[in-house]
Amino acid sequence: MKIGIFDSGIGGLSLLKEYRKEYPKNEYLYFGDNIHAPFGEKTKEELLTYAKRAIAFFEQKQVDKIVFACGTISSTIFGELKASVPIFSILEPTIQKLNQQEKKNLVLLATENTVKSTYFDQHLSFLSLQKIACSSFVPLLEKREKENLEQEIQKYCLKINQEKCDTVILGCTHYSFLKEKIKEHLKPEIEVVDLAEEFVKVHPLQESKEGFTLYFSKINQELKENIEDILGENSTKKLHLFD
Ligand code: DGL
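Throughout this description, residue numbers start from 1 for each chain and increase along the sequence as written. Per-residue local features of the predicted model are confined to residues with pLDDT of at least 70, and side-chain atom pairs are confined, for both listing and counting, to 80 or more; whole-chain, interface and lining totals are unaffected and use all residues. Hydrogen atoms and water are omitted, and side-chain values are computed over all heavy atoms in the structure.

> So what's going on with the environment of Q96? Residues and values would help.
Strands are runs of DSSP state E lasting at least two residues, helices are runs of H or I lasting at least four, and both sets are numbered from the N terminus onward. Within the fold, Q96 resides in helix 4 (residues 92–100). We call a residue buried when its accessible area falls under 20% of the maximum for its residue type, exposed when it is over 50%, and partly exposed in between, using a 1.4 Å probe and counting protein chains only. Taking the relative accessible area as the measure of exposure, Q96 reaches 43% and is therefore partly exposed. Residues Q96 and K164 lie 68 residues apart in sequence; the distance between their C-alpha atoms is 22 Å.

Rendered as structure tokens:
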């Protein structure tokens, strides 16, 4: 099964990484539209333009399905998208999991757009939800500013530790790469929920041809280093410029 994965940058690589761990023999096509990143503060019209362009690209590459591995698109304009192949929102499996669990005091960490949207408020039943926009995380991750990131993580975790909280949702796929650091700074009893892990649990793949290809709309040294950190040495050999 050829699966297309879309995000504003490296965030959706968390899904690709998770999928490749479970289904190494599948074929993956990744598109990170990093020339337009971050999506967290873009208008609805801009997000629609980028998402439609990604759909056209994946259709032309004849994928069997498309996953929007982007919390921002999934919480805002996903309902307005149409394609000739099935399309999936990264958020649905996480919502299902949270609605089935005992824990009740949630904190959502996400982009400005996701926090402003009412998606989580509408879809989560009987749960208390506090939403926090962590606008600095995505640019710092893309630029590999590790020290500044550490400081930002500490700041948010300190705030969460003072709240009544049993579950933290990493509502942006970029934040997957911060999961271990975030857990280090949170009280140990707090569960941290990751969008990519939840998605792979409920969307199995029928493996066919092996391999992955990466397209990004802007390629620089930081991107290459990020890709090697996430997907391993030599993975940049699969990298192409989208234009
Ligand atoms: N990784 C995306 C998300 O899940 C987009 C983040 C951004 O570009 O602001 O929201």
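> How would you sum up helix 4? Please name residues and give values.
Because each turn of an α-helix spans 3.6 residues, side chains separated by three or four positions end up pointing in the same direction. All of the buried residues in helix 4 are P93, T94, I95 and L98. Residue contacts are defined here by distance: any two heavy atoms, one from each residue, within 4.5 Å place the two residues in contact. Packed against the buried residues of helix 4 are strand 4 (87–89), strand 5 (105–110), helix 6 (119–123), strand 7 (167–170), strand 8 (191–194) and helix 10 (195–202).

> How would you explain the site of the ligand if you had to name every residue and give the values?
As a structural note, the neighbourhood of the ligand is formed by 13 residues, with S8, F39, G71, T72 and H174 the closest of them. S8 is positioned with one of its side-chain polar atoms (N or O) 2.6 Å from an oxygen atom of the ligand. Residue T72 places a side-chain N or O atom 2.6 Å away from an oxygen atom belonging to the ligand. Accessible areas in this description were obtained via Shrake-Rupley with a 1.4 Å probe; residue shielding takes into account the shown protein chains only. Relative to its free-state accessible area of 300 Å², the ligand is covered by the protein chains to the extent of 99%. The near set for a molecule or strand comprises every residue that places at least one heavy atom within 4 Å of it. What qualifies as a polar contact is a pair of N or O atoms within 3.5 Å, subject to a donor-acceptor requirement within protein and to the restriction that residues adjacent in sequence count only when both atoms come from side chains.

> Kindly report on the side chain of N34, identifying the contributing residues and their values.
Looking at the element boundaries, N34 is found in the loop between strand 2 (27–32) and helix 2 (44–60). Polar contacts involving the side chain of N34 include one to the main-chain amide nitrogen of S217, which spans 3.1 Å. Apart from the residues within four sequence positions on either side, N34 is in contact with S8, G9, F216, S217, K218 and L223.

> Lay out the sheet that holds strand 6 (residues 128–133) with the relevant residues and their values.
DSSP bridges decide pairing: two strands pair if at least two such bridges lie between them. In space, the 4 strands of this open sheet follow the order 6-5-7-8, with parallel pairing throughout. Each end of this open sheet is capped by a strand with a single partner; those strands are strand 6 and strand 8. The average angle at which neighbouring strand axes cross in this sheet is 20°, direction not considered. In this structure, strand 5 lies alongside strand 7, joined through 4 bridges in parallel fashion. For V107, the partnering residue across the bridge sits in strand 7 and is V168. The angle between two axes is taken between their N-to-C directions and runs from 0 to 180 degrees, where each axis is a line fitted to C-alpha atoms and a helix contributes only its stretch in contact.

> Residues and numbers for the nonpolar core, please.
Residues enter a nonpolar core if they are buried and are Ala, Val, Leu, Ile, Met, Phe, Trp, Tyr or Cys, with the set joined through side-chain atoms within 4.5 Å. Of all hydrophobic cores here, the largest spans 39 residues; its most connected members are L13, L15, L16, Y19, Y28, L214 and F216. Apart from residues no more than four positions distant in its own chain, L16 is found in contact with I5, Y28, Y30, F212, L214 and L231.

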